[in-house]
Amino acid sequence: MCVTITANASSGMAVHDDCKLRFLELKAKRNFRYIVFKIEAQQVLIEKLGNPDETYEDFTCSLPADECRYAVFDFDFITAENCQKSKIFFIAWSPDTSNVRSKMVYASSKDRFKRELDGIQFELQATDPSEMSIDIVKDRAI
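Presented here is a report on the structure given in the accompanying data block. (Residues numbered from 1 in each chain as written. Predicted model: local features only at pLDDT ≥ 70, side-chain atom pairs only at ≥ 80, totals over all residues. Heavy atoms only, no water.)

This next bit is on the pairing of strand S3 (residues 34-40). Most of S3 is tucked away: 5 of the 7 residues are buried. Inspection of the sheet shows S3 paired to strand S4 (residues 43-50) by 7 bridges, in the antiparallel sense. For Val-36, the partnering residue across the bridge sits in S4 and is Lys-48. The antiparallel hairpin formed by S3 and S4 contains 2 residues in its connecting segment, where Ala-41 sits at a positive phi of about 55°. Bridge count between S3 and strand S5 (residues 69-78): 4 bridges; the pairing is antiparallel. The residue bridging Phe-37 from the neighbouring strand is Tyr-70, located in S5. (Buried < 20%, exposed > 50% of the residue type's maximum accessible area, 1.4 Å probe, protein only. Helix = DSSP H or I, 4+ residues; strand = E, 2+ residues; numbered from the N terminus. Pairing = 2+ DSSP bridges.)

Moving on, we come to unusual backbone geometry. For Arg-30, which is not glycine, the phi torsion reads 60° and is therefore positive. Along the polypeptide, Arg-30 turns up in the loop between helix H1 (17-29) and S3. The backbone of Gln-42 shows a phi angle near 65°, a positive value even though the residue is not glycine. The topology assignment puts Gln-42 in the loop between S3 and S4.

Spatial relationships are all this shows, so hold off on functional conclusions.
Here is the structure:
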């Protein structure tokens, strides 16, 4: 198996191909409810894949309290016209308790990484759980 890693010219960060492949599976096949990504050794890697039956609470509990992460979440909802819909959220998780260097690395790599994931409909930036509550997600999606 051949693995390609795409380098991020602006920050020197690489994005592992598995990140893009799993995101495409979430988007097209709905194999996952969410994906949590972490930066390790100058590249973005997958930390956790959420099963399709997991909830938003399961997702938020999977984010570390004191470390930055990127994540995507496939949010299902029913419109006022009673139609089943889904929106993909990109979440930049940067808790106040994480170290400054980590916050800088995640902030400088975010836009480039997000562009690798074609199909993101909304973005949330959160420094504590209240900034990404289910009510905020619902308000943005509907």
